[in-house]
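Listed below, chain by chain, are the residues.
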Amino acid sequence: MLLRPLNPRQVRDFAKATGKRAKTDALDAAVLAHFAEAIQPSVSTIADEDSQHMAEF
């Protein structure tokens, strides 16, 4: 399972809206977790190498 890349501007705006403006690794992690919980971004899967080879045929 792989999360698609998040738009940094959306996360920054989300952080500002929730009153989190300080920049530390711990706060950034908490904001990203809160953002993911609230927004529930789409998730994609990456096929393993064997499946990718079979799909080519």
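Predicted model only: the values in this text are computed from it and were never measured.

Draft legend 1. How the structure looks around a positive patch on the surface. A surface patch of like charges, here positive, comprises R9, R12, K16 and R21. With respect to the helices and strands, the residue K16 is situated in helix α1 (residues 8-17).

Draft legend 2. Structural context of the pattern of salt bridges. The full count for this structure, using the stated rule, is one salt bridge. Among the salt bridges present, the one from D28 reaches K23, with a minimum N-O distance of 3.3 Å. Residue class for D28 comes out partly exposed when judged on its relative accessible area of 25%. Looking at K23, the relative accessible area reads 68%, which means it is exposed.

Draft legend 3. The arrangement of helix α2 (residues 25-39) in detail. Between its terminal C-alpha atoms α2 stretches 21 Å, which fits the 21 Å expected from 15 residues at 1.5 Å a residue. Q40, located one to two residues past α2, shows a positive phi value of around 50°.

Definitions and cut-offs
Residues numbered from 1 in each chain as written. Predicted model: local features only at pLDDT ≥ 70, side-chain atom pairs only at ≥ 80, totals over all residues. Heavy atoms only, no water. Patch = residues over 30% accessible without salt bridge, like charges linked within 9 Å, V, L, I, M, F, W, Y side chains within 5 Å. Areas by Shrake-Rupley, 256 points an atom, 1.4 Å probe, with all protein chains shown as cover. Salt bridge = Lys/Arg side-chain N within 4 Å of Asp/Glu carboxyl O. Lys, Arg positive; Asp, Glu negative; His and termini not counted. Charge placed at Lys NZ, Arg CZ, Asp CG, Glu CD. Helix = DSSP H or I, 4+ residues; strand = E, 2+ residues; numbered from the N terminus. Buried < 20%, exposed > 50% of the residue type's maximum accessible area, 1.4 Å probe, protein only. Expected span 1.5 Å × (residues − 1).

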